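Observations on the model geometry
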Amino acid sequence: QVQLVESGGRLVQAGGSLRLSCAASRGTFSTYAAGWFRQAPGKERVFVAAISWNGGTVYADFVKGRFTISRDNAKNTVYLQMNTLKPEDTALYYCAAEPWVPGTAVTDFHSWGQGTQVTVSS
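Quick summary incoming for the structure in this document. Please read all numbers here as calculations on a predicted model, not as lab measurements.

For the chain, the count of helices and strands is 0 helices and 11 strands. Moving toward the C terminus, one meets the helices and strands of the chain in the order β-β-β-β-β-β-β-β-β-β-β. When its C-alpha atoms are laid out on the principal axes, the chain stretches across 40 × 30 × 25 Å. For the chain, with 122 residues in total, the buried portion stands at 42%. At a minimum sequence separation of 6, the contacts of the chain that also span at least 24 residues come to 58%.

Encoded structure:
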């Protein structure tokens, strides 16, 4: 399994942008799929976006056109570019990884980071 560390979360105004990063260690990250999930207070953890080992992407409907997931295997890092942020995007954002092909369910991933907080003010 890989170890994952997220960064980049902070307070931002509605309409603003953020880029989250997820750095991986202890594994051959280029053979892993990676995903981003988020969890708002009192709510379940939900799928945001995922990218396969070879760059294929999938997004939740509520972020299509606003968020972009990408990866740099040379840096063992996955990114989530978030544009046109809304207050409802406020959540703890988690990075996850699983060999080869991503799923969209929490149970599809077995390596998780500790999360980075994104807060969008209105």
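It is worth spelling out the environment of Glu88 at this point. If you trace the backbone, Glu88 turns up in the loop between strand S8 (77-82) and strand S9 (91-99). For the pair Glu88 and Arg71, spaced 17 residues apart in sequence, the C-alpha separation works out to 25 Å.

Moving on to a nonpolar patch on the surface. Together, Trp53, Trp100 and Val101 make up an exposed nonpolar region whose accessible area comes to about 340 Å². Inspection of the secondary structure assignment puts Val101 in the loop between S9 and strand S10 (111-112). Under the relative-accessibility criterion, Val101 is labelled exposed at 59%.

Each value, and the rule that gives it
- Residues numbered from 1 in each chain as written.
- Predicted model: local features only at pLDDT ≥ 70, side-chain atom pairs only at ≥ 80, totals over all residues.
- Heavy atoms only, no water.
- Helix = DSSP H or I, 4+ residues; strand = E, 2+ residues; numbered from the N terminus.
- Buried < 20%, exposed > 50% of the residue type's maximum accessible area, 1.4 Å probe, protein only.
- Contact = heavy atoms within 4.5 Å.
- Patch = residues over 30% accessible without salt bridge, like charges linked within 9 Å, V, L, I, M, F, W, Y side chains within 5 Å.
- Areas by Shrake-Rupley, 256 points an atom, 1.4 Å probe, with all protein chains shown as cover.
- Salt bridge = Lys/Arg side-chain N within 4 Å of Asp/Glu carboxyl O.

Keep in mind these numbers describe shape, not what the thing actually does.
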